[in-house]
Amino acid sequence: MSSRRAPKTSDSRNYYEILQVPKDASQDDLKKAYRKLTAMNLHHGDLEKFIELAYAYEVLSDPEKRGIYEKFGEDLYGKERYGKDRCCNVNRYSDEPCCFDLIYHLEVSLEELYKGTSKKVSFKRDRICSKCKGTGKSKDQRYCCQKCKGDKVVKKEKTLLVHVKKGMQNGQRIIFAGEGPQAPEDTIAGNFVCVLKQKDQDLISERTLPSAEAHHGFKFVLKHLYNRTKLHFKF
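Here the structure is a predicted model, which means the values were calculated and not measured. (Residues numbered from 1 in each chain as written. Predicted model: local features only at pLDDT ≥ 70, side-chain atom pairs only at ≥ 80, totals over all residues. Heavy atoms only, no water.)

Chemist: I keep staring at the sheet that holds strand β3 (residues 102–108) and nothing clicks. Help me out?
Modeler: Hydrogen bonds between backbone atoms are what pair the strands of a sheet, whose relative direction is either parallel or antiparallel. Here we have three strands laid out as an open sheet, ordered β3-β7-β6, and mixed in their pairing. Sheet topology places β3 and β6 (173–176) at the edges, where each strand pairs with a single neighbour. Averaged over all pairs of adjacent strands, the angle between strand axes in this sheet comes to 25°, irrespective of strand direction. Looking at chain direction, β6 and strand β7 (residues 192–198) are connected through four bridges and run antiparallel. Across the sheet, R173 pairs through a bridge with V195, a residue of β7. (Pairing = 2+ DSSP bridges. Helix = DSSP H or I, 4+ residues; strand = E, 2+ residues; numbered from the N terminus. Axes fitted to C-alpha atoms, helices over the stretch in contact; angles between N-to-C directions.)

Pasting the structure below:
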């Protein structure tokens, strides 16, 4: 299976069209449509379609994300940054200056993307010095701050629990608003952006064959990601 990027729903169909619901659909309507379409899709075993459905439902089932999507479109979730002088993430959108985002690539398997998982991520980022409050100087303004040595910021370690939801895909971003770097001249801290990186491209099943099966063909039950499928091989 080849590497995939986030579905470009804004290029053709939007999330409402993917879930086959009107724009004024209630949360119950969204849930019913998602379950119905997912059940139909699992029967056919189309992984790409399943991911597209999950991606659309993830946004529309969250009132805050749904509001941002309806106002700014899907592209808001596909860009890391809109520029130094404009702050934009899933929690706020403003013209206040904000620091750059910290990008982290998290390796996950194809099975983890399909079934979902949780992983702890530890990293260091610049944060405003708590001693000098970002001035870089002592209280009397005569000397450099002893804690940050005049840098105004210090390195602080942070550990976050990243929840990879079922159906997420390679390249999709999970944003932790305000958990990125800070800078004294910026009003808002940057985001910590976790980018999912699929580490395996194919599903591989190995089976030792007796000579009779290799010659005449055979049937066996293969355990797949979503169910058990009977395959018939002939040689």
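Past the structure itself, the notes keep going.
Chemist: What exactly am I supposed to notice about the environment of S138 here?
Modeler: Counting through the fold element by element, S138 comes out in the loop between β4 (117–128) and β5 (153–164). Taking the C-alpha atoms as reference, S138 lies 9.9 Å from K149; in sequence the two are 11 residues apart. Not counting chain neighbours up to four residues away, the residues in contact with S138 comprise Y143, C144 and C145. Here the side chain of S138 touches D140 through a polar contact of 2.5 Å, side chain to side chain. (Contact = heavy atoms within 4.5 Å. Polar contact = N/O pair within 3.5 Å; in protein donor to acceptor, adjacent residues only side chain to side chain.)

Chemist: Can you walk me through the pairing of β7 in this structure?
Modeler: Note on strand geometry: in a regular strand, side chains alternate between the two faces of the sheet. Burial analysis of β7 places six of its seven residues in the buried class, the great majority of the element. Bridge analysis of β3 against β7 gives seven bridges, and the strand direction is parallel. Note on β7: the bridge partner recorded for E107 is K197. (Buried < 20%, exposed > 50% of the residue type's maximum accessible area, 1.4 Å probe, protein only.)

By themselves, these observations are geometric and do not establish any function.
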